[in-house]
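# Residue-level structure breakdown
Chain residues, written in single-letter form:
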Amino acid sequence: MAARILIVEDEEPLTLLLRYNLEAEGYAVDAAGRGDDADLRLKESPPDLAIVDWMLPGLSGIELIRRLRARTETQQLPVIMLTARGEEGERVRGLATGADDYIVKPFSVPELLARIRALLRRTKPERVAAVLTAGDIELNREKKRVARGGRDVPLGPTEFRLLEFLMENPGRVFSREQLLDRVWGRDVYIDERTVDVHVGRLRKALNRGQRSDPIRTVRGAGYALNDRYGAAEA
């Protein structure tokens, strides 16, 4: 599953430039042109990384970062501040407030992409690793293949993305609504029961001839990849 990046920038041409280059690198990109709008989106569904301008309508980038660091859900969210304010004191203030990196406009797109990759490798290694493993399950992102116990597990594209997302977040329970948002996308309007259908297909494929089910159902809450899976069988 591609890492999700939120661009918080009120200059539309720059937002388009960033979106084009980030999507070309394989990232899933969302954008907000106001600081207060971004604050709401970050509360609802935190991305894997945020790129934040300093001067924004509604809420400044500095205040937005301050709020992110005050909330448990976004305390560790990687943030790059991208701004025209390049004085040393402003850089210090931006980093002291909680930005992980600080880039001054005008900037080099390849350098920005390199810094994003470096930050994700450090803070979200599961988002950039070519291979994910959980117990005897191995998911290869580059080859789009899944194996369990050395046996290939044929999966459809949706089941592959669903397993990939659960393996990125072992032990965490996601509601059907959250899975629809993160696996199908927020612009897709389908019934939440569709999630049950695809989880059922994924289970059937993974568990063929196996003793244990790596996917845990939490009644009234949702689904999770059992974080004790593999350890319990060792």
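Residues numbered from 1 in each chain as written. Predicted model: local features only at pLDDT ≥ 70, side-chain atom pairs only at ≥ 80, totals over all residues. Heavy atoms only, no water.

## Some points on the overall build of the protein
Looking only at helices and strands, the protein has nine helices and eleven strands in total. For the protein, whose C-alpha radius of gyration is 19 Å, the value lies close to the compact-globule estimate of 17 Å for 234 residues. Its C-alpha atoms give the protein principal-axis dimensions of about 65 × 35 × 30 Å. Within the protein, buried positions represent 46% of all 234 residues. Long-range contacts, defined here as pairs at least 24 residues apart, represent 57% of the contacts in the protein between residues at least 6 apart. For the protein, the exposed area adds up to about 12,100 Å²; of that, 48% sits on carbon and sulfur atoms. (Helix = DSSP H or I, 4+ residues; strand = E, 2+ residues; numbered from the N terminus. Rg over C-alpha atoms; globule rule 2.2 N^0.38 Å. Buried < 20%, exposed > 50% of the residue type's maximum accessible area, 1.4 Å probe, protein only. Contact = heavy atoms within 4.5 Å. Areas by Shrake-Rupley, 256 points an atom, 1.4 Å probe, with all protein chains shown as cover.)

## A closer look at the nonpolar core
Among the nonpolar cores identified, the biggest contains 25 residues, and Val146, Leu163, Met167, Leu179 and Leu206 are the most heavily contacted of them. Mapped by element, the contributors of at least two residues to this core are β6 (131–134), β7 (137–140), α7 (157–168), α8 (176–184), α9 (193–207) and β11 (222–225). Here this core gets six residues from one element, more than from any other, and that element is α7. Leave out the neighbours within four places in its chain, and leucine 179 touches Leu162, Phe165, Leu166, Phe174, Trp184, Val195 and Tyr223. (Core = buried A, V, L, I, M, F, W, Y, C linked by side-chain atoms within 4.5 Å.)

## Description of the UniProt feature "domain: Response regulatory" (unreviewed entry) in the protein
Within this numbering scheme, the UniProt entry marks residues 4–120 as carrying the feature "domain: Response regulatory" (unreviewed entry). End C-alpha to end C-alpha, residues 4–120 measures 11 Å, and it is 47% helix and 20% strand. (UniProt positions renumbered as here; feature names shortened; annotations may be inferred.)

## Regarding the sheet that holds strand β8 (residues 145–148)
Strands sit in the order β6-β7-β8-β9 across an open sheet of four strands; the sheet is antiparallel. Whereas interior strands pair on both sides, the edge strands pair on one side only; in this sheet they are β6 and β9 (151–152). Direction of pairing for β8 relative to β9: antiparallel, over a ladder of two bridges. Residue pairing across strands places arginine 148 opposite arginine 151, the latter belonging to β9. In this fold α9 packs onto β7, β8 and β9, with an angle of close to 55° to the strand it touches most, β8. (Pairing = 2+ DSSP bridges. Axes fitted to C-alpha atoms, helices over the stretch in contact; angles between N-to-C directions.)

## Observations regarding the pattern of salt bridges
The full count for this structure, using the stated rule, is 22 salt bridges. When the shortest N-O distance is used, the salt bridge between arginine 71 and aspartate 39 registers 3.0 Å. Remark: aspartate 39 occurs in helix α2 (residues 35–44) and arginine 71 occurs in the loop between α3 (61–70) and β4 (79–83); sequence separation between them is 32 residues. Each member of the pair, arginine 71 together with aspartate 39, is buried. Aspartate 101 is the salt-bridge partner of arginine 115, the closest N and O atoms lying 2.9 Å from each other. Placement of the pair is arginine 115 in helix α5 (residues 109–123) and aspartate 101 in strand β5 (residues 101–104), with a sequence separation of 14 residues. Judged by its relative accessible area of 28%, arginine 115 is partly exposed. (Salt bridge = Lys/Arg side-chain N within 4 Å of Asp/Glu carboxyl O.)

## Remarks on unusual backbone geometry
The amide bond that connects lysine 105 to the next residue, proline 106, takes the cis arrangement and shows omega of -10°. Inspection of the secondary structure assignment puts proline 106 in the loop between β5 and α5. Non-glycine residue lysine 144 carries a positive phi angle of around 55°.

## A short note on the side chain of aspartate 48
Checked against the element boundaries, aspartate 48 lands in the loop between α2 and β3 (49–52). Owing to a relative accessible area of 4%, aspartate 48 belongs among the buried residues under this scheme. Reaching out from aspartate 48, the side chain makes a polar contact with the backbone nitrogen of arginine 4 at a distance of 2.7 Å. Apart from residues lying up to four places away in sequence, aspartate 48 is in contact with Ala2, Ala3, Arg4, Leu77, Pro78, Leu120, Lys124, Arg127 and Arg182. (Polar contact = N/O pair within 3.5 Å; in protein donor to acceptor, adjacent residues only side chain to side chain.)

## Structural notes on the packing of helix α1 (residues 12–24) against α5
Close contact between α1 and α5 brings their axes to 11 Å; oriented N to C, the two are set at 60°. As far as their axial angle goes, α5 and α1 are oblique. Note that α1 runs across α5; the crossing there is right-handed. Residues Leu17, Leu18, Asn21 and Leu22 of α1 pack against Val109, Leu112, Leu113 and Ile116 of α5. (Parallel < 35°, antiparallel > 145°, perpendicular 65-115°, else oblique. Left-handed = near helix turned anticlockwise from the far one by under 90°.)

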